[in-house]
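Topology and contacts: notes
As a plain string of letters, each chain reads:
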Amino acid sequence: MRALDTNVLVRFFVDDADDAQAAKQRPAAIAALSERSLVSITVLLELEWVMRGFYELPKRDIYRVLRALASIEHVTLEDRDAVLGAIDAFDKGLDFADALHLARSSRASGFATFDQGLAKRARGLALAPPVELLV
């Protein structure tokens, strides 16, 4: 099993017709994802950021990509349960990075933040650990 980087995943999931290099790299990305692979938490964070920030994909499309990646049987996601929980929370309105930070903090008694939006959305979803808004 080998670990994949963000660019491989982007080339696999995003068909960038305006980028000649992407077109050349896409077949290799497809081949790489046909083998047993590992996707780390940091690569997932960057994948979501690139799709949102660079490609400006709608949230629904990003959710579909994350779900599709999670459904590939021969791809191992680091901390899979936390990732699946974060994907679900993302679908329900949480920022993906915030959702992942929260999901990976399950052993903590609380999650401290100054982000009022995060605190409000997380409370509405009854996520654990509870989000504590610092003032």
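Everything discussed here concerns the structure shown above.
Anyway, here's the lowdown on the structure attached to this text.

What counts and how
- Residues numbered from 1 in each chain as written.
- Predicted model: local features only at pLDDT ≥ 70, side-chain atom pairs only at ≥ 80, totals over all residues.
- Heavy atoms only, no water.
- Helix = DSSP H or I, 4+ residues; strand = E, 2+ residues; numbered from the N terminus.
- Buried < 20%, exposed > 50% of the residue type's maximum accessible area, 1.4 Å probe, protein only.
- Phe/Tyr/Trp six-rings, centres within 6.5 Å; stacked < 30°, edge-to-face > 60°.
- Contact = heavy atoms within 4.5 Å.
- Salt bridge = Lys/Arg side-chain N within 4 Å of Asp/Glu carboxyl O.
- Expected span 1.5 Å × (residues − 1).
- Axes fitted to C-alpha atoms, helices over the stretch in contact; angles between N-to-C directions.
- Parallel < 35°, antiparallel > 145°, perpendicular 65-115°, else oblique.
- Left-handed = near helix turned anticlockwise from the far one by under 90°.
- Nonpolar A, V, L, I, M, F, W, Y, C, P; charged D, E, K, R; others polar.

Section: the overall build of the protein
Scanning the protein for helices and strands turns up seven helices and five strands. From first element to last, N terminus to C terminus, the protein shows the α and β order β-α-α-β-α-α-β-α-α-β-α-β. Expressed along its principal axes, the backbone C-alpha trace of the protein runs to roughly 50 × 30 × 20 Å. When each of the 135 residues of the protein is scored for burial, the buried share is 39%.

Some thoughts on the packing of aromatic side chains
Taken as a whole and judged by the stated rule, the model has three aromatic pairs. Centre to centre, the rings of Phe54 and Tyr55 are 4.9 Å apart; their planes meet at 85°, and the pair counts as edge-to-face. A centroid spacing of 5.8 Å and a plane angle of 80° characterise the contact between Phe90 and Phe96, whose relative ring orientation is edge-to-face.

Quick word on the side chain of Thr113
Tracing the sequence through the fold places Thr113 in strand S4 (residues 111-113). The class for Thr113 is buried, based on a relative accessible area of 12%. Excluding residues within four positions of it along the chain, Thr113 makes contact with Leu118, Val131, Glu132, Leu133 and Leu134.

Quick word on the pattern of salt bridges
Counted according to the given criterion, the structure contains seven salt bridges. One salt bridge in this structure joins Arg52 and Glu48, with 2.8 Å as the shortest N-O distance. Of this pair, Arg52 and Glu48 both sit in helix H3 (residues 41-54), separated by four residues, roughly a single helical turn. According to the relative accessible area criterion, Glu48 is buried, its value standing at 2%.

Some points on H3
With 14 residues, H3 extends 19 Å between its outermost C-alpha atoms, agreeing within 8% with the 20 Å of an ideal straight helix rising 1.5 Å per residue. Buried within H3 we find Ile41, Val43, Leu44, Leu47, Glu48, Val50 and Met51. Looking at the residues trailing H3, positive phi occurs at Glu56, about 55°.

Focus: the side chain of Asp98
As for its position among the elements, Asp98 is in helix H6 (residues 96-103). Not counting the four nearest positions on each side in its chain, Asp98 is found in contact with Asp115 and Leu118.

Here we look at the environment of Leu102
Here Leu102 lies in helix H6. Spatially, the C-alpha atom of Leu102 lies 15 Å from that of Gln116, the residues being 14 residues apart in sequence. Once residues lying within four places of it in the same chain are set aside, the contact partners of Leu102 are Leu94, Phe111, Leu118, Ala122, Leu127, Ala128, Pro129 and Val131.

Side note on the packing of H3 against H6
Between H3 and H6, the least distance of the axes is 10 Å, while the angle of their chain directions is 160°. Taken together, H3 and H6 sit at an angle that is classed as roughly antiparallel. For the pair H3 and H6, the sense of crossing is right-handed. Residue-level inspection shows Ile41, Leu44, Leu45 and Glu48 of H3 in contact with H6, the latter providing Phe96, Ala97, Leu100 and His101. Its residues assigned to classes, the contact of H3 with H6 shows six nonpolar, one polar and one charged.

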